[in-house]
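The residues making up each chain are set out below.
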Amino acid sequence: MGKILVHVGSQGGEAKRSSLEVLSHVSRKIAGSDDVVVACVFDVNPGRLEQTIGEYGADDILMYMDPAYESHLNGVLAAGLEDAIRATAPSLVVFASSESVKDILGAIAVNTGAAVLPDVVSFSAGSGFVEAVRPVMAAKSLARVRAEGELIFVSVRSGSVEAIKNPKNPGTTTFEAPIKPADLKQQLKEIIKAADETVDLSEARVVVAAGRGVKDEVGKRLVEELAGLFGGGIGASRAVVETDLFPATAQIGQTGKVVSPDLYFALGISGAIQHVAGMSNSRMIVAINKDADAPIFEYADYGIVGDLYTVVPLLIEEIKRHK
Amino acid sequence: MKFLVCIKQVPDVSGNVNSGRMVLNAYDASAVEAALVLTEGTDSEIHLVLIGPDSAKETIRKALAMGASSAVHFVSAESDSMDSGSIAAQLASYCAEIQFDIVLCGKQSQDTDAGLTGGMLAAHLKLPYATNAVGLAYQDSYDGIVVTRQGDSGQEILQLPLPCLVTCSNDMNNPRIPSLKGIMQAKKKSIDARQFENNSLSSTRILNYEQPAAREPARMLEGETEEKVTALVLALVQESGIF
Ligand SMILES: Cc1cc2nc3c(=O)[nH]c(=O)nc-3n(C[C@H](O)[C@H](O)[C@H](O)COP(=O)(O)OP(=O)(O)OC[C@H]3O[C@@H](n4cnc5c(N)ncnc54)[C@H](O)[C@@H]3O)c2cc1C
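Since we're looking at a predicted model, the values are computed, not measured.

1. Concerning the side chain of Asp-28 of chain B
Residue and element names in this part refer to chain B. Within the secondary structure layout, Asp-28 lies in helix 1 (residues 26-39). Of the side chains with opposite charge, Lys-8 comes closest to the buried, unpaired Asp-28, at an N-O distance of 7.6 Å. Excluding residues within four positions of it along the chain, Asp-28 makes contact with Cys-6, Ile-7, Lys-8, Cys-105 and Gly-106.

Dropping the structure here:
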């Protein structure tokens, strides 16, 4: 296959776990062949990136280090990636499927003439083709898909493959951003971060997700306290985001984010397929719902039928006793 | 102002997918709604484009009944086998024929969840674009739009000059239900139906479908609330790998 380019998403000099999963997976798959894994990363400062990316198995690193990458802007990231693709001439480019990647994947596929398989949960590549499995119909069904071409893009859902260290001593080349924000017609005016968004949801090992059963500030504090015990992320269903109790950034599901933590708490969530589509990959799922017939129990490993306002305070106390 | 809204007919995924019930893609419905809100009370035009089988006309009528002005329907019985790349190429060649200021698409389609077409179309047309929009408003001077998009962490507020392309999330609005009057008016609106040969080759295809592995049903914890909680925490300590 020759060269495989892996895009490593990062923030503030730290690589995202979802990208390390992808990098590690590709690196282990090609072990023993002549293939080479090149990582490309776009950030302001290198931080620990070089070290981490080496640990997870890149043979070469293209470091695009530039203030231009301070905030996500599709034209800036797309130009950087297209530059990395020209420089590497890979047959395969693999991404972790983040919002930033979703924002540019289609455009760079057209600009580079690539075939693209987005949001897959597994894939295998051969000469001139990739076969992959991707959830469709709000994850009710899995489609086995095939792409053919000289250049193929694959983006992988977080939590689909494992991040296992596979240390190498990569060579590093540093570049500036080929396109800067000022070169673009669009302008980024502002980024609004939710005040309570301290843990990156798609990276968290524990996610506590609230549904419409969480009705007020009291309930919200229970969610926050439970998440806080684990340093976990706070998720939400669409219905509870609509009440403005939780920020839209917390939404998990078909419209929202796809998460796959080790432990997922669904508190007062009914389990609509559009919600389940974003969390069914979680390793262990706990559902607390007052309705014994709520569909969420079909996806959970453990279920408690009860009022979350009485169950969760007890749960918090009991967990504290074990910490 | 002229809007072009790209819409798709999809299986209703909330119910039984095999029922054959087809609906307007929810994300596209939000795109139509966004265009309606922005054009309210002006003489702007909202033109629809759909690629799909003859029976997808029903979906076009629905969007016209919501209030869109006119539509073109590229009729193809084989549209299901076209991938995002060939759909985007076909849309791009149509866009080259017409005038528009703003192209709106759904951010993904409910059936395939691929989310590629909008960005691909923008690249073909060399338009500035934004995806996953949850808010849309005119700039004060009407020579551009302000898009709020949901990013990885937080919401990004962008200014785009016209012409541009935006893909819409269903978190942006609640699409209106067509009124009886709207439905009657839609019957008189023109749908330009064109048979077409798909001559752009798809570089990807679906080989088959599989059922996801069924999860074991949940172990329901029994007893008084305290007992349930104790049993749960014990299981978490032993099995989650978190403690
Ligand atoms: C195209 C499309 C995309 C969508 N994308 C998403 C998405 O990304 N994410 C998403 O979440 N949804 C999404 N939805 C919406 C989805 O269909 C559901 O409407 C939504 O997930 C319901 O949220 P919920 O479970 O919180 O609310 P409800 O369905 O109202 O459920 C509330 C639950 O809380 C329980 N409850 C109430 N009070 C208590 C209490 N005191 N203690 C314990 N339990 C209690 C009830 O028994 C009930 O089961 C989408 C829909 C469409 C059409």
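2. Topic: the site of the ligand
Residues in contact with the ligand amount to 30 residues; listed here are only the nearest, Arg-212, Ser-237, Ile-252, Ser-270 and Asn-289 of chain A. Lying at an intersection of chains, the ligand is approached by residues of chains A and B. Within the side chain of Lys-215 of chain A, one N or O atom sits 2.9 Å away from a nitrogen atom of the ligand. Against a free-state accessible area of 990 Å², the protein chains account for coverage of 83% of the ligand. Because more than half of its atoms lie within 2 Å of the grid, the ligand is assigned to the second largest pocket. Counting residues per element, the ones that place at least two in the shell around the ligand are helix 6 (238-242), helix 7 (273-276) and helix 8 (308-322) of chain A together with helix 1 of chain B.

3. Description of helix 8 of chain A
In this model, helix 8 of chain A (15 residues) spans 21 Å end to end at C-alpha, consistent with the 21 Å of a helix rising 1.5 Å per residue. Listed as buried for helix 8 of chain A are Leu-308, Val-311, Val-312, Leu-315, Ile-316, Glu-318 and Ile-319 of chain A. Where helix 8 of chain A is buried, its residues meet helix 5 (217-230), strand 16 (263-267), strand 17 (284-289) and strand 18 (302-305) of chain A together with helix 6 (225-239) of chain B.

4. What to know about the interface of chain A and chain B
Contact with chain A, which involves 86 residues of that partner, is made by 74 residues of chain B. Across the chain A to chain B interface the summed buried area is about 7,000 Å²; carbon plus sulfur atoms make up 55%. When residues of chain A are sorted by the area they lose upon contact with chain B, Met-137, Arg-144 and Tyr-302 of chain A head the list and together hold 10% of the total. Linking chain A with chain B are 5 salt bridges, by the criterion used here. Taking the shortest distance from any N to any O, the salt bridge between Asp-171 of chain B and Arg-238 of chain A comes out at 2.9 Å. Scanning the region where chain A abuts chain B turns up 46 residue pairs in polar contact (both at pLDDT 80 or more). Of the residues belonging to the side of chain A that touches chain B, the class tally is 41 nonpolar, 19 polar and 26 charged.

5. Overview of the sheet that holds strand 9 (residues 155-161) of chain B
Pairing between sheet strands relies on hydrogen bonds along the backbone, with the strands arranged either parallel or antiparallel. Strand order in the open sheet made by the 10 strands is 13(A)-9(B)-8(B)-7(B)-10(B)-6(B)-1(B)-4(B)-5(B)-11(B), with mixed pairing throughout. Looking at which strands have only one partner, the edges of the open sheet turn out to be strand 13 (187-192) of chain A together with strand 11 (191-195) of chain B. Strand-to-strand twist in this sheet, taken as the mean axis angle between neighbours without regard to direction, amounts to 30 degrees. The pairing of strand 6 (residues 102-106) of chain B with strand 10 (residues 164-168) of chain B spans 5 bridges and is classified as parallel.

Cut-off values and rules
- Per chain, residue numbering runs from 1 following the sequence as it is written.
- The lettering of chains begins at A and the numbering of ligands begins at 1, in the order of writing.
- A pLDDT threshold of at least 70 governs which residues receive local features in this predicted model, and a stricter bar of 80 or more applies before side-chain atom pairs are shown or counted, although totals over entire chains, interfaces and linings include all residues.
- Only hydrogens and water are set aside; all other atoms, that is, all heavy atoms of the structure, feed into the side-chain values.
- Numbering of helices and strands starts at the N terminus; helices are DSSP runs of H or I of at least 4 residues and strands are runs of E of at least 2.
- Relative accessibility under 20% of the residue-type maximum defines a buried residue, over 50% an exposed one, and the middle range a partly exposed one, all with a 1.4 Å probe and only protein chains included.
- When charges are counted, Lys and Arg are positive and Asp and Glu negative, with His and the chain ends excluded.
- For this document, the term salt bridge refers to a Lys or Arg side-chain nitrogen within 4 Å of an Asp or Glu carboxyl oxygen.
- Two residues form a contact once any of their heavy atoms are found within 4.5 Å.
- Whether a residue is near a molecule or strand is decided by its heavy atoms; if any one of them lies within 4 Å of it, the residue is near.
- Polar contact is the term for a pair of N or O atoms within 3.5 Å; when the atoms are in protein, one must be able to donate a hydrogen and the other to accept it, and sequence-neighboring residues count only if both atoms are side-chain atoms.
- Note on areas: Shrake-Rupley with a 1.4 Å probe; residue coverage comes only from the protein chains shown.
- In the cavity and pocket records, a cavity denotes points on a 1 Å grid over the protein atoms alone where a 1.4 Å probe fits but cannot get out, a pocket denotes an open set with protein on both sides within 12 Å along at least 5 of 7 lines, and lining residues are residues with an atom within 4 Å of a point.
- Assignment to a cavity or pocket requires that more than half of a molecule's atoms be within 2 Å of the site's grid points.
- Working rule for helices: expected span equals 1.5 Å times residues minus one.
- Here the quantity called buried area is the total loss of accessible area, with a 1.4 Å probe, experienced by two parts when brought into contact, counted for both.
- Basically, the charged four are Asp, Glu, Lys and Arg, the nonpolar ten are Ala, Val, Leu, Ile, Met, Phe, Trp, Tyr, Cys and Pro, and anything else, Gly included, counts as polar.
- Being paired, for any two strands, means DSSP has found at least two bridges between them.
- Working convention: axes come from line fits to C-alpha atoms, limited for helices to the stretch in contact. Angles between N-to-C directions cover 0 to 180 degrees.

By themselves, these observations are geometric and do not establish any function.
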